[in-house]
Amino acid sequence: MDWNFQPAHRLSAALRAGEVTSAELTDEAIARIERDDKAINAVCVPDFDRARAAARQADQALARGEDRPLLGVPVTVKESYDVAGLPTTWGMPPHRDHLPAEDAVQVSRLKDAGAVVLGKTNVPLGLQDIQSFNEIHGTTGNPWDHGRTSGGSSGGSAAALASGFGALSIGSDLAGSLRTPAHFCGVYAHKPTVGLVATRGMVPPPGPALPTEFDLAVAGPMARTARDLSLLLDVMAGPDPLTLGMAYTLTLPPARHERLRDFRVLVLDEHPLIPTGSAVRAGVDRVAAALVAGGARVERHSPLLPDLTEAATLYMQLLISGSVARFPIGSYEELQIQAAGLSADDQSLDATRLRALVFSHRDWMEANNRRELHRHGWRRLFAEFDAVVCPITPTPAFPHDHAPDPLERRIDIDGAEYPYFDQFVWAGLATMPGLPATAVPTGLSPEGLPVGVQLIGPMYEDRTPLRLAELLEQEIGGFRIPNRGAPTES
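Residues numbered from 1 in each chain as written. Predicted model: local features only at pLDDT ≥ 70, side-chain atom pairs only at ≥ 80, totals over all residues. Heavy atoms only, no water.

Remarks on the overall build of the protein
Along its length, the protein carries 14 helices and 17 strands. Its C-alpha radius of gyration of 21 Å places the protein within 12% of the 23 Å reference for a compact globule of 490 residues. Taken along the three principal axes of its C-alpha coordinates, the protein extends 70 × 55 × 50 Å. Counting only residues that meet the buried cut, the protein has 60% of its 490 residues in that class. (Helix = DSSP H or I, 4+ residues; strand = E, 2+ residues; numbered from the N terminus. Rg over C-alpha atoms; globule rule 2.2 N^0.38 Å. Buried < 20%, exposed > 50% of the residue type's maximum accessible area, 1.4 Å probe, protein only.)

What to know about the environment of Gly151
Here Gly151 shows up in the loop between strand S7 (145-149) and helix H5 (155-162). Taking the relative accessible area as the measure of exposure, Gly151 reaches 0% and is therefore buried. Between the C-alpha atoms of Gly151 and Arg179, which are 28 residues apart in sequence, the distance is 9.0 Å. The contact partners of Gly151, leaving out residues within four places of it in the chain, are Ile130, Gln131, Ser132, Pro181 and Phe184. (Contact = heavy atoms within 4.5 Å.)

Observations concerning helix H11 (residues 349-356)
Most of H11 sits inside the fold, with 6 of its 8 residues counted as buried. Every buried residue belonging to H11 is among Leu349, Ala351, Thr352, Arg353, Leu354 and Ala356, and all of these are buried.

What about the packing of aromatic side chains?
Within the structure shown, the criterion is met by 6 aromatic pairs. By the ring-pair criterion, three or more aromatic residues cluster together here, those being Phe184, Phe398, Tyr420, Phe421 and Phe424. Lying across the ring of Phe479, Arg224 places its NZ or CZ 5.9 Å from the centre. A cation over an aromatic ring shows up here: Arg297 above the ring of Phe385, its NZ or CZ 5.1 Å from the ring centre. (Phe/Tyr/Trp six-rings, centres within 6.5 Å; stacked < 30°, edge-to-face > 60°. Lys NZ or Arg CZ within 6 Å of the ring centre and 35° of its normal.)

With respect to the nonpolar core
Ranked by internal contacts, the top residues of the largest apolar core, which has 67 residues, are Tyr81, Leu291 and Leu468. In terms of residue count, helix H7 (residues 226-236) provides more of this core than any other element does, 6 residues in total. Beyond its immediate stretch of four places on either side in the chain, Leu291 contacts Leu260, Val265, Val267, Ala296, Val298, Val389, Leu468 and Leu472. Counting 50 residues, the second-largest nonpolar core is a separate cluster that includes Ala175, Leu268, Leu305 and Ile413. (Core = buried A, V, L, I, M, F, W, Y, C linked by side-chain atoms within 4.5 Å.)

Thoughts on empty space enclosed by the protein
Applying the stated rule across the entire model yields 4 cavities of 30 Å³ or more. Roughly 60 Å³ of volume is contained in the second largest cavity. Taken together, Trp3, Asn4, Gln6, Leu11, Leu25, Ala29, Pro74, Gly164, Gly166, Ala167 and Arg224 make up the lining of the second largest cavity. Its residues placed into classes, the lining of the second largest cavity shows 6 nonpolar, 4 polar and 1 charged. (1 Å grid on protein atoms, 1.4 Å probe; cavity = no way out; pocket = protein on both sides within 12 Å on 5 of 7 lines; lining within 4 Å. Points joined across faces, edges and corners; volume = space filled by probe spheres on them. Nonpolar A, V, L, I, M, F, W, Y, C, P; charged D, E, K, R; others polar.)

Topic: H7
Of all 11 residues making up H7, 8 are buried, and the element is well covered by its neighbours. Buried within H7 are the following residues: Ala226, Asp228, Leu229, Ser230, Leu232, Leu233, Val235 and Met236. Once H7 ends, the next one or two residues include Gly238, with phi positive near 130°.

As for the pairing of strand S11 (residues 264-267)
Examined bridge by bridge, S11 and strand S12 (residues 297-299) share 3 bridges and lie parallel to one another. Each bridged residue has a counterpart across the sheet, and for Val265 the counterpart in S12 is Val298. Both S11 and strand S13 (residues 387-391) contribute to a ladder of 3 bridges, which runs parallel. Bridge pairing in S13 places Leu266 opposite Val388. (Pairing = 2+ DSSP bridges.)

Concerning the pairing of strand S10 (residues 218-223)
Across the 6 residues of S10, 6 count as buried, placing the element largely inside the fold. Pairing analysis gives 6 bridges linking strand S8 (residues 168-173) to S10, with the strands arranged antiparallel. Of the residues in S10, the one forming a bridge with Leu168 is Ala223. The pairing of strand S9 (residues 188-191) with S10 spans 2 bridges and is classified as antiparallel. By the bridge assignment, Tyr188 is partnered in S10 with Ala223.

Things to note about the sheet that holds strand S1 (residues 43-46)
Here we have 11 strands laid out as an open sheet, ordered S1-S3-S2-S8-S10-S9-S16-S17-S13-S11-S12, and mixed in their pairing. The open sheet has two edge strands with one neighbour each: S1 and S12. Across the sheet, the axes of successive neighbouring strands diverge by a mean angle of 30°, strand direction being ignored. The strands touched by helix H2 (residues 22-40) are S1, strand S2 (74-78) and strand S3 (116-121); relative to S3, the strand with the most contacts, the crossing angle is about 20°. (Axes fitted to C-alpha atoms, helices over the stretch in contact; angles between N-to-C directions.)

Here we look at the side chain of Asn122
Position of Asn122 among the secondary structure elements: in the loop between S3 and strand S4 (133-134). Within the structure, Asn122 has its side chain in polar contact with the side chain of Asn134 (distance 3.0 Å). Among the polar contacts made by the side chain of Asn122, one reaches the side chain of Thr140 at a distance of 3.1 Å. (Polar contact = N/O pair within 3.5 Å; in protein donor to acceptor, adjacent residues only side chain to side chain.)

Concerning the pattern of salt bridges
Under the counting rule described, the total for this entry stands at 31 salt bridges. The closest approach of N and O atoms between Glu66 and Arg68, which form a salt bridge, is 3.1 Å. Relative accessible area serves as the criterion here: at 29%, Glu66 is assigned to the partly exposed category. Note that Asp215 is salt-bridged to Arg371, the shortest N-O span being 3.1 Å. Within this pair, whereas Asp215 is found in the loop between S9 and S10, its partner Arg371 is found in helix H12 (residues 361-381), the two being separated by 156 residues in sequence. With a relative accessible area of 3%, Arg371 lands in the buried category. (Salt bridge = Lys/Arg side-chain N within 4 Å of Asp/Glu carboxyl O.)

Here we look at the environment of Ala237
Its place among the elements puts Ala237 in the loop between H7 and S11. The buried category is assigned to Ala237, whose relative accessible area is 17%. As for Ala237 and Ile130, which are separated by 107 residues in sequence, their C-alpha atoms are 25 Å apart. Other than its neighbours up to four places away in sequence, Ala237 contacts Arg109, Leu196, Val197 and Leu250.

A short note on the confidence of the model for the protein
Low-pLDDT portions of the prediction should not be read for the details of their coordinates. On average, residues of the protein score 96 in pLDDT, and 98% of them are at 70 or above. Low pLDDT (under 50) marks residues 485-490, which in the prediction has 15 contacts with non-local residues, meaning those over four places away or in another chain. (pLDDT = per-residue confidence, 0-100.)

Now the structure itself:
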């Protein structure tokens, strides 16, 4: 049997039953990486010697009767997470030799759960792109079409999963960085409720690994099946033991429903600021049809939906003002002059981004107050619906575009061009208010590229979109091997 494409829950069962050893799984995964990753470039920092040692220890633990959630299962880790003894660079050349002394809290949780870490996966420069390329580690290609992006910033993790390089991976999400790569590569990912998963040790180098939380940003699981997302989230979720973990423990509420026919779902495929490409619209329709066939109550419109234009504007304001605070861009004074020169009538997202580059603290507080109003609007909506289905980006994976100024890049949507960063509006729909969102594959476009959608759920009710993802996986099928089309066992 080729174990490389088996889901993590199947590997765990096989390990416990003695059908295979962790050493065998690890050797098979390493052999596949060494054979196939030259063309894809997903695993940018291999750690094979320590992986083999960890696999041997896992086999010894299994022989003693231990039963940890991921005991013996090979996984990968996004490059941005600190792993003691391995470089953490975020793709930034000045920090190519930065070697953290301690594991990130999520890496520690993986290891405590018994996982075997194969290595680290590629990212964009500073995690600031929807593509994964940088001077240090090069470009990660999409396993379905190497000439296209795997997405970003967790693009290396998504490409690794689609290529059989480990059963699970951990990534992060600020601008769709879990969901977009999953959508582009045909795998699953879950953006947790903001604050649900501790992020200490995922910090730009050379900063210290302090127990602080960035606004909007989350850490989360990636997998080849929806069930595996829940398995990994259970390992990752919970407060940082240095802060809230001193006083609190986590108990997530159960999914609202166990049967598809009990779900109430709002389906969206149109955004006022950017069109939805035909391939993605077809993916949304496939999910809507599966929901209807399963007996779910499906609506296409609701007056309870918060205003999408204002939501996108708020998201861009919070995203850009927060990002520029961590990664200063150009001369502040020059940016102030450019922003002041904008017409008051210019409410485009390009203008919104420029103004956000020079936000004052008062500006940010005003935007944050409006965000709270949107959160309350979502609470009202989720009193009537259990989930919202919508696109992740307007298109499937696009060809590599490494133009040095991303503001000059364009995204092609069915033959028409739009500003590159405008495609973030769908990802921001869940990110701005901090809602959980699960990326689910829906099938392939006419060009043979994966298409996914996201299932947005109520805050702190992460198990609801995750359960809906499992039910949809049963209805529309799960992961398919790139360029082969044969479904794997789930």
